[in-house]
Structures are given as C-alpha cells and as structure tokens.
Amino acid sequence: MEVLNNSVSDKLCGLLKFLCSNKAAFEIVAEEVEDCNLRTALYGLSAESIQYADEITAQLKTYGIPYRLDTDILMDYFERFENTSPSYIPGKGNELTNICTNSENSIINAYNDLLNEYLPLANLRNIMLYQLNALRISFMKIKMLNNARFA
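Worth saying up front: this structure is predicted, and the values here are computed from it rather than measured.

1. Thoughts on the side chain of T101
Then step 1. The residue T101 is located in helix α4 (residues 94–115) in this model.
Then step 2. Within the structure, T101 has its side chain in polar contact with the backbone oxygen of T97 (distance 2.8 Å).

2. Brief notes about the confidence of the model for the protein chain
Then step 1. Looking at the protein chain, pLDDT values average 82 and 79% of them are 70 or higher.
Then step 2. Of all helices and strands in the protein chain, the one with the weakest mean pLDDT is helix α3 (residues 75–82) (52), whereas helix α5 (residues 122–148) scores best (93).

3. Regarding the environment of L132
Then step 1. By the element assignment, L132 lies in helix α5.
Then step 2. When its relative accessible area of 3% is taken as the criterion, L132 is described as buried.
Then step 3. With 24 residues separating them along the chain, L132 and I108 place their C-alpha atoms 6.8 Å apart.
Then step 4. Residues within four places of L132 in sequence aside, it is in contact with I108, Y111, N112 and L115.

4. Here we look at the environment of K143
Then step 1. Looking at the secondary structure, you find K143 in helix α5.
Then step 2. The contact partners of K143, leaving out residues within four places of it in the chain, are C100, T101 and E104.

5. Description of the packing of helix α2 (residues 36–62) against α5
Between two packed helices, the angle of one axis relative to the other and the distance separating the axes together describe the packing.
Then step 1. The contact between α2 and α5 brings their axes to 10 Å, and the two run at 170°. The orientation of α2 with respect to α5, classified from their angle, is roughly antiparallel. Counting all contacts with α2, which are made through N37, L38, A41, L42, L45, E48, Y52, E55, I56, Q59 and L60, the residues of α5 involved are N123, L124, I127, M128, Q131, A134, L135, S138, F139, I142, L145 and N146.

6. Here we look at the pattern of salt bridges
Then step 1. Across all of its chains, the model carries 4 salt bridges by this definition.
Then step 2. Salt bridges sharing common partners tie together K11, D113 and E117.

7. Considerations on the packing of α4 against α5
Then step 1. Contact pair α4 / α5: the axes reach a minimum separation of 10 Å and the direction vectors enclose 170°. By the criterion of interaxial angle, the relationship of α4 to α5 is roughly antiparallel. Crossing of α4 over α5 shows left-handed handedness. For the pair α4 and α5, contact is made by L96, T97, C100, T101, S103, E104, I107, I108, Y111, N112, L114 and L115 and by R125, M128, L129, Q131, L132, L135, R136, F139, I142, K143, N146 and N147, respectively.
Then step 2. Grouping the amino acids of the contact of α4 with α5 by side-chain chemistry returns 13 nonpolar, 7 polar and 4 charged.

Quick notes on the rules
Residues numbered from 1 in each chain as written. Predicted model: local features only at pLDDT ≥ 70, side-chain atom pairs only at ≥ 80, totals over all residues. Heavy atoms only, no water. Helix = DSSP H or I, 4+ residues; strand = E, 2+ residues; numbered from the N terminus. Polar contact = N/O pair within 3.5 Å; in protein donor to acceptor, adjacent residues only side chain to side chain. pLDDT = per-residue confidence, 0-100. Buried < 20%, exposed > 50% of the residue type's maximum accessible area, 1.4 Å probe, protein only. Contact = heavy atoms within 4.5 Å. Axes fitted to C-alpha atoms, helices over the stretch in contact; angles between N-to-C directions. Parallel < 35°, antiparallel > 145°, perpendicular 65-115°, else oblique. Salt bridge = Lys/Arg side-chain N within 4 Å of Asp/Glu carboxyl O. Left-handed = near helix turned anticlockwise from the far one by under 90°. Nonpolar A, V, L, I, M, F, W, Y, C, P; charged D, E, K, R; others polar.

What follows is the structure in structure tokens.
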C-alpha cells in the first residue's frame, strides 16, 4: 500500500483542524442572524464542516494512516488562505457576505491545494472532490439567502 508523504499528511491534518474551526465560526454567526432560512443554512454549513472532517478522518483510518486533530501543523499555511480575500465592503448584509467570502476562499484554496497534490488513495480524492463541490453550493446558497433578505 502506498502511504502519503509528510507534506500531504500535514496538509490533511491542517484541513481537518480548519474544518473543525469553521464549524464553530459558523455556529457563532448563525446565532446572530434573525432570518430563519439563513440561520438554518449556516447551521447546515457548520454541520457539514464537521461531517466532512469526520469523513476524511474515517478514510484515513481505513487505510491505517494516522491523523491528528490536535496538531498545530501548518496552521500558518492555512492562515495564509484566510488573508487572500478582498477588503471589507460596507453596507447592509455585507458583514455576512464578507465572512462567507473569506471562509469560502480559504477552504476552496485549501481543498484545491490538497487535490493538486498526489493522493494515492482514489476514494479519499473522490470524497474530497464531492466535499469541495458541496461546500461551494452551500456558500452559494448562504449568499443567495443573505441577498434575498434585503431585496
């Protein structure tokens, strides 16, 4: 069986931690939102984030690859993705739009960076592609609901 190189393994561990931290962040934002549909979508994204971390962890476990959710490996690397977003746009409802854009850019860049690496585990790659597409749809839904509440 082929094993993951240290770089990919470290990036996967960083992504797992990143997904777990997104869960908490979106729960906090959801508590502040008054619109019921938007709040539900934010809680859904929060639940998806932890589910995706669990799915990746389960796949790694299936192949006997150690995983570490308690590590600080590459957090600077993933924080780099957090700083790639455009500056804040003032206006009604734009706070949530900016939060979503920052998170979406960060997580999509993190997934793309991993998917551009050599992953010898086809199932893991397929799961990550599915997760990436589902996350894009979730962010699109949140942005649409946010815009609709001010229309």
